[in-house]
Amino acid sequence: MSIRPRPLSVCLRRLLLGGSVMLLGAVPLAALADQATPAPQDNGNAGNPATQADPEKAKLLGNITVTAQSRTQEVQSVPIPVQIVTAKQVDTLEATDLSKMDIFIPGLVIDASQPTQPTYEMRGISTSNFGIGTESAVGVYVDGVYAARSGGSLLAFNDISRIEVLKGPQGTLFGRNAAAGAISIVTNEPPDKFEGDARIRFGNEGERYADALVNIPINKDMALRISVLDNQSDGWIKDAANGQHYGKNDDWGSRMVYRWNVTDNTRVLLSWDHERLNQPPSPAIGLIPLSSDTNQRAPFPPDPSTYLNPLHAPLYNDAIGAAETRTFNGVTLKVDHSFPWGELEATTAWRGFDTFNRGDYDGTDHVVTYLDTTNIEHNNSWYQEFKLSGNNNLMDWVSGVSYYQEQARQTSQTNINTNSLDTLAQNVLGVGTPLADISNALASLGLPFTLLGDPWHEAISNDGNFKSYAAFGDVIWHINDQFDVTTGLRYTRDEKEFSWYNMPRSAPAFDATIAGLTGLGIIQMLPPDAQAALAAFSNNVIFTSAVGVPVYASNTWNNWSPRVVASYKFTPDVMGYVSITKGYKAGGYNSVQVGSTFQPEKVTNYEAGIKSLFPEANLLLNASVYYYRYNNMQSLALDPNSPATGLPIYVVNSSNQEAKGVDFEAQWQPVKDLRLGLVGAYIDSTYRNATAPDGTDLTGQPTGAPFFSGAASVSYTWHDIANGNLEFNLSQAYRGRTRCNADSQEQGECTISPNFQIGTSEQRTDARLGWQAAGDRWGVALYGNNLFNKRYVIGVNNISTSVFGTPFATVTPPRTWGVELHAKF
């Protein structure tokens, strides 16, 4: 809701002037943009050549309003690098969630190969998903409400209005855990008129997508908006042994929003969101050529020169009960009231979700290397914020307080069997295959016992109780008509309690056999080395720390996140700015590393930019340069040989980083029906201080972020085609190659075999040709994503390599294409 420019009361003015001494600095934060009113459709002479666009209409290039600084402003007047993604752009790319279009947002990388455990990266800053004990450095907000856990952060798009991607620390107004940037997703509110919309898509790989909405005015003060979506497909890869399809979509969502204008100055918004995801897990494409004999063990150690190319290799996955599921519900209540001197907005929100993710982690269907991992999460969170804002000729101001509470539970399981336990004994412990040897000996004696084929289960459970309190203030001082100075400050207090319980391994069938053999006196007759092996298998072999003993941690962290911004309007359409911003990400815990605690991450960002609009040329140009220093960044790294067990384990690794870079944006409308766009990002990100898990010094080496990424688009509209408009859209995206360091190969991020490449530059080309009837009452479109079928190996997982010799890879999906039908009523 826009702030009405009315005089501040003397009391509030004195309060703000006195408090402003504390407002040392912070950079404008997550934007919730109100999309600009589109230019009127051309109803003029059909078939005429496109004419020069009206310079006044050119201002619409930048006429998108945002609330990046908790104030309604045109994006061109906000001194932050912001990329706006409109609902139309989402539809043009047929994106069903943000990960399906991240390559068209330079500097943003979303790994959604596991949608219940996605990871986000912005400007080279990322946080690996290592459980409920940590949070992303990229804050995701839906209608202003923070999505704390990654399990509930990547939901299907449902009746969205726009997405605002803010780059750089956004801590002053958005709060903790936006140290790299913020993604603000804004949904549509119920308007006063009746409307309905329905859309269906049919495409290759059995794609079947549908969404629909209806907006119902109840009376002059109330309205209800309901939307649903269903996204299904048959998958793009099939298991060569059992025919099961992977890469499928199975997602259903609904949303309901109720608006009540209680008075002319008071509005209530109540919304409910629901999503149900139920699909196979990410396919694990094995790299080792094996026969159809499922008792064959892979050569150990593996020889990278013999690896299969995962882009052409068959898929063999055998995880029992494999699935990735999520049930999400969220309720948000917003109440805002306008006073003569400003506005009060209260936001109350609850979020709850349950996720289950079990997938194959050896990339084979061989019983002797069976390995699956399972992540199970349950989460409930409450959020409350009160925000006051107002403005006058001297200043625009906003202040507020917030409270966040979260309860989270997680279970991290590893499931093997006694056949794969024997492989571990041979490859890691160097004691041969004791279980097979004992079973063969028993069989030769005619005894009906075997130690093979029994399931083996290990797990760590975690409980987290988190609270966060915050108070913030931000003032834009109007020094004169051209010069503004912004000062802001947020105080955050995080209180966290966390626990680990490493369960004793569960192998009831194996234990029953051992008990039977012991009762018969057979175990006592075995050779000493066989008895020693069996004794070792009476305990955990994967999660070995503090078995059966609950471990607790409790921490409190306090932080002040300031920002200072100076902006100057050289002309009404050209603004320059400089800023200094600090960001903060709360400390936390590694869910599978018992007792591990890491301290908060902190970043200082220096930025200078320009935002410009040239109406006569119908041209918009924006650019910024920045430099940041990031301290105590936490990442999940594979330690191939844990000192405790010799087994591979993911550990939390700390590093200090720095980066310098450039962001730029250009939009040009040379004629009325032609629009061109170009966005790009350059970054040089290196370690200031870092050590790999194996002790390798990474100081001065690149962090992996590519130098350059960019996207270009072109759209053209022909009018009066079959009594409607025909529009063509073409989008091209590019992301540079991974900049490798001395640890990249071990982490599976750079080339490890001569038979395929990892970390290469990526390209994607999307196109859409759509016709819509007059008034957009109905329409039809043809679309293609990844038109040239560019496919890439995006990583190799080595978790099973140093145990079973079975690395596996993740690859990008192939080209998709289809037809879309839509209607409005």
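Residues numbered from 1 in each chain as written. Predicted model: local features only at pLDDT ≥ 70, side-chain atom pairs only at ≥ 80, totals over all residues. Heavy atoms only, no water.

Draft legend 1. Just helix α8 (residues 528-536), in detail. Those residues of α8 that sit buried are Ala530, Ala533 and Leu534. Angularly, the buried residues of α8 cover 95° about the axis, an arc narrow enough to put them on a single face. Residues of α8 that are exposed and point over 90 degrees away from its buried face: Pro528 and Asp529. Close packing links the buried residues of α8 with α6 (434-444) and α7 (508-519). (Buried < 20%, exposed > 50% of the residue type's maximum accessible area, 1.4 Å probe, protein only. Helix = DSSP H or I, 4+ residues; strand = E, 2+ residues; numbered from the N terminus. Arc of directions from axis to C-beta. Contact = heavy atoms within 4.5 Å.)

Draft legend 2. Geometry of the packing of aromatic side chains. Applying the stated criterion across every chain, the model contains 22 aromatic pairs. Ring centres of Phe708 and Tyr734 lie 6.2 Å apart, and the angle between their planes is 35°; this geometry places the pair in the tilted category. A residue pair is termed long-range when its members are at least 10 positions apart, and Phe708 in strand β33 (residues 708-721) and Tyr734 in strand β34 (residues 724-735) qualify at 26 residues. Residue Phe708 is classed as partly exposed on the basis of its relative accessible area of 35%. When its relative accessible area of 31% is taken as the criterion, Tyr734 is described as partly exposed. Chaining the aromatic ring pairs together yields one cluster made of Tyr141, Tyr146, Phe174 and Tyr404. Lying over the aromatic face of Tyr209, Arg201 brings its terminal NZ or CZ to 4.8 Å of the ring centre. A cation over a ring is seen here: Lys496 above Phe466, with NZ or CZ 5.3 Å from the ring centre. (Phe/Tyr/Trp six-rings, centres within 6.5 Å; stacked < 30°, edge-to-face > 60°. Lys NZ or Arg CZ within 6 Å of the ring centre and 35° of its normal.)

Draft legend 3. Representation of the sheet that holds strand β7 (residues 138-142). An order of β3-β9-β10-β7-β8 is seen for the five strands of this open sheet, with the pairing classed as mixed. At either end of the open sheet lies a strand with only one pairing partner, and these are β3 (82-86) and β8 (145-146). Note: β7 against strand β10 (residues 181-187), five bridges, orientation parallel. By the bridge assignment, Val142 is partnered in β10 with Ile185. (Pairing = 2+ DSSP bridges.)

Draft legend 4. Broad picture of unusual backbone geometry. The omega torsion across Phe300 and Pro301 is -5°, close enough to zero to call that bond cis. Structurally, the position occupied by Pro301 is in the loop between β18 (285-286) and β19 (323-339). You will see that Asp159, though not glycine, has its phi angle at about 55°, which is positive. Locating Asp159 in the fold gives a position in the loop between β8 and β9 (160-167). On the accessibility criterion, Asp159 (15% relative accessible area) is buried. The phi dihedral of Asn789 falls on the positive side, at around 55°, and the residue is not glycine.

Draft legend 5. Representation of the pairing of strand β35 (residues 762-773) within the structure. The buried count for β35 comes to nine of twelve residues, which makes it a mostly enclosed element. As paired elements, β34 and β35 share twelve bridges and run antiparallel to each other. Each residue of the ladder has a partner; that of Arg735, found in β35, is Glu762. In this structure, β35 lies alongside strand β36 (residues 778-785), joined through six bridges in antiparallel fashion. Residue pairing for β36: Gly770 is matched across the bridge by Ala781. The turn joining β35 and β36, which pair antiparallel and follow one another in sequence, is formed by four residues; a positive phi near 75° is taken by Gly775.

Draft legend 6. Spatial organisation of the sheet that holds β18. Strand order across the open sheet formed by three strands is β18-β38-β37, with antiparallel pairing between neighbours. Edge positions in the open sheet fall to β18 and β37 (793-797), since each of these has one partner strand only.

Draft legend 7. Region of the structure containing the environment of Leu730. Looking at where Leu730 falls in the secondary structure, it is placed in strand β34. The exposure class assigned to Leu730 is partly exposed, which follows from its relative accessible area of 32%. Once the C-alpha coordinates of Leu730 and Ala712 are considered, the two residues, 18 residues apart in sequence, prove to be 8.4 Å apart. The contact partners of Leu730, leaving out residues within four places of it in the chain, are Ala712, Ser713, Val714, Thr765, Asp766 and Ala767.

Draft legend 8. A look at the side chain of Asn622. Counting through the fold element by element, Asn622 comes out in strand β30 (residues 619-639). In terms of polar contacts, Asn622 uses its side chain to reach the side chain of Gln76, at 2.8 Å. Other than its neighbours up to four places away in sequence, Asn622 contacts Gln76, Ile610, Lys611, Ser612, Asp663, Phe664 and Glu665. (Polar contact = N/O pair within 3.5 Å; in protein donor to acceptor, adjacent residues only side chain to side chain.)

Draft legend 9. Geometry of the pairing of strand β24 (residues 483-502). Direction of pairing for strand β23 (residues 455-478) relative to β24: antiparallel, over a ladder of 19 bridges. In the sheet register, Ser461 faces β24, and the bridge partner there is Tyr501. In this structure, the hairpin formed by β23 and β24 is closed by a connection of four residues. Bridge count for β24 against strand β25 (residues 551-571) is 18 bridges, and the pairing is antiparallel. Residue Glu495 lies in a different strand from β25, and its bridge partner there is Thr556.

Draft legend 10. Up close: the pattern of salt bridges. Tallied over the entire structure, the rule returns 35 salt bridges. A salt bridge links Arg201 to Glu820; the shortest N-O distance between them is 2.7 Å. Here the residue Arg201 occupies a position in strand β11 (residues 195-203), and Glu820 occupies one in strand β39 (residues 816-824), the gap between them amounting to 619 residues. Here Arg563 makes a salt bridge to Asp474, at a shortest N to O gap of 2.6 Å. One end of the pair, Arg563, is in strand β25; the other, Asp474, is in strand β23, and 89 residues separate them in sequence. Residue Arg563 is classed as buried on the basis of its relative accessible area, which comes to 0%. Under the relative-accessibility criterion, Asp474 is labelled buried at 0%. One salt-bridge network, held together by shared partners, links Glu94, Arg201, Arg768 and Glu820. (Salt bridge = Lys/Arg side-chain N within 4 Å of Asp/Glu carboxyl O.)

Draft legend 11. Spotlight on the state of the cysteines. Under the criterion given, the structure shown has one disulfide. The disulfide bridge from Cys740 ends at Cys750, spanning 1.8 Å between sulfur atoms. Between Cys740 and Cys750, the S-S torsion sits near -100°, and that sign places the bridge as left-handed. Of this pair, Cys740 sits in the loop between β34 and β35 while Cys750 sits in the loop between β34 and β35, and the two are ten residues apart along the sequence. The buried category is assigned to Cys750, whose relative accessible area is 5%. (Disulfide = S-S within 2.5 Å.)

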